Amino acid sequence: MSGATLLYREVNGWPCTINYHPDGTMSGQRGFANEDSDSGRWPVEGARFYRRWDRWVYGEEKAYFIVIDGDKIKFFNDQQQIVDSAYVRLADNAGGGRDPRRARRSL
């Protein structure tokens, strides 16, 4: 996920962009004029991807299993139910240089 950018519409329909930085931090902007922003951390432990915002989602840590399928990333809970999805743009070094549209990986 290092260097990846996610693009989606959040629960209220606002556009949202999330950037995952190599140092384990993330930054997000949402709104039609990027009027709201937050930052947080995204550790990975075993097969689970954790995400914790400073303000968004009440600052609660959430854990997911993720699958990258072409240009989509899908977030699954412990019951293997999809709980979120977004378009993903991977950094050049992510995925071993492969075209992300052809990749299907899970973390």
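Just above, that's the structure.
Everything numeric here is computed off the predicted structure, so don't read it as measured data.

Participant: Would you take a moment to explain the packing of aromatic side chains for this structure?
Facilitator: Aromatic ring pairs are described here by two measures, namely the spacing of the ring centres and the angle between the planes. Applying the stated rule across the entire model yields six aromatic pairs. A centroid spacing of 5.6 Å and a plane angle of 75 degrees characterise the contact between Tyr-20 and Trp-42, whose relative ring orientation is edge-to-face. Taken together, the residues span a long stretch of sequence, with Tyr-20 in strand β2 (residues 15-20) and Trp-42 in the loop between β4 (36-41) and β5 (44-45) at a distance of 22 residues. When sorted by exposure, Tyr-20 lands in the same class as Trp-42, which is buried. Through pairs of rings, three or more aromatic residues link up here, namely Tyr-20, Trp-42, Phe-49, Tyr-64 and Phe-75. Sitting over the face of the ring of Phe-75, Arg-51 holds its NZ or CZ atom 4.9 Å from the ring centroid.

Participant: Mind showing me how you'd approach the pattern of salt bridges here?
Facilitator: Two side chains with opposite charge may pair up if their charged atoms get near one another. Within this structure, the stated rule accounts for six salt bridges. In this structure, Arg-30 engages Glu-10 in a salt bridge whose closest nitrogen and oxygen atoms are separated by 3.2 Å. Remark: Glu-10 occurs in the loop between β1 (5-9) and β2 and Arg-30 occurs in strand β3 (residues 25-30); sequence separation between them is 20 residues. For the residue pair Arg-30 and Glu-10, the accessibility class agrees, reading buried in each case. Salt-bridge contacts for Arg-30 lead to Asp-36; the nearest nitrogen and oxygen are separated by 2.8 Å.

Participant: What is the right way to look at unusual backbone geometry in this model?
Facilitator: In terms of backbone geometry, most residues other than glycine have negative phi values and most peptide bonds are trans. Positioned with a positive phi, Val-57 is a non-glycine residue whose angle comes to about 55 degrees. Inspection of the secondary structure puts Val-57 in the loop between β6 (48-53) and β7 (61-69). The residue Gln-80 is not glycine, and still its phi comes out positive at about 60 degrees.

Participant: What should I look at first to understand the side chain of Arg-51 in this one?
Facilitator: Along the polypeptide, Arg-51 turns up in strand β6. Buried charge Arg-51 goes without a salt bridge, the closest partner of opposite sign being Asp-84 at 4.0 Å. Here Tyr-20 takes part through its side chain, which lies 3.4 Å from a polar atom of the side chain of Arg-51. If sequence neighbours within four positions are ignored, Arg-51 has contacts with Ile-18, Tyr-20, Met-26, Arg-41, Glu-60, Glu-61, Lys-62, Tyr-64, Phe-75 and Asp-84.

Participant: Is there a simple way to explain the pairing of β4 in this structure?
Facilitator: Every other side chain in a regular strand lies on the same face of the sheet, so the side chains alternate between the two faces. The side-chain alternation of β4 yields one buried face, formed by Asp-36, Asp-38 and Gly-40, and one unburied face, formed by Ser-37, Ser-39 and Arg-41. Where β3 lies against β4, six bridges are found, and the strand directions are antiparallel. In the strand pairing of β4, Thr-25 is matched with Arg-41. Taking the residues between adjacent antiparallel strands as the criterion, β3 and β4 are bridged by five residues, where Gly-31 takes a positive phi near 110 degrees. Direction of pairing for β4 relative to β6: antiparallel, over a ladder of two bridges. Opposite Gly-40, over in β6, you have Trp-53 as the bridge partner.

Thresholds applied
- Residues numbered from 1 in each chain as written.
- Predicted model: local features only at pLDDT ≥ 70, side-chain atom pairs only at ≥ 80, totals over all residues.
- Heavy atoms only, no water.
- Phe/Tyr/Trp six-rings, centres within 6.5 Å; stacked < 30°, edge-to-face > 60°.
- Helix = DSSP H or I, 4+ residues; strand = E, 2+ residues; numbered from the N terminus.
- Buried < 20%, exposed > 50% of the residue type's maximum accessible area, 1.4 Å probe, protein only.
- Lys NZ or Arg CZ within 6 Å of the ring centre and 35° of its normal.
- Salt bridge = Lys/Arg side-chain N within 4 Å of Asp/Glu carboxyl O.
- Lys, Arg positive; Asp, Glu negative; His and termini not counted.
- Polar contact = N/O pair within 3.5 Å; in protein donor to acceptor, adjacent residues only side chain to side chain.
- Contact = heavy atoms within 4.5 Å.
- Pairing = 2+ DSSP bridges.

Shape descriptors only; they carry no functional weight alone.
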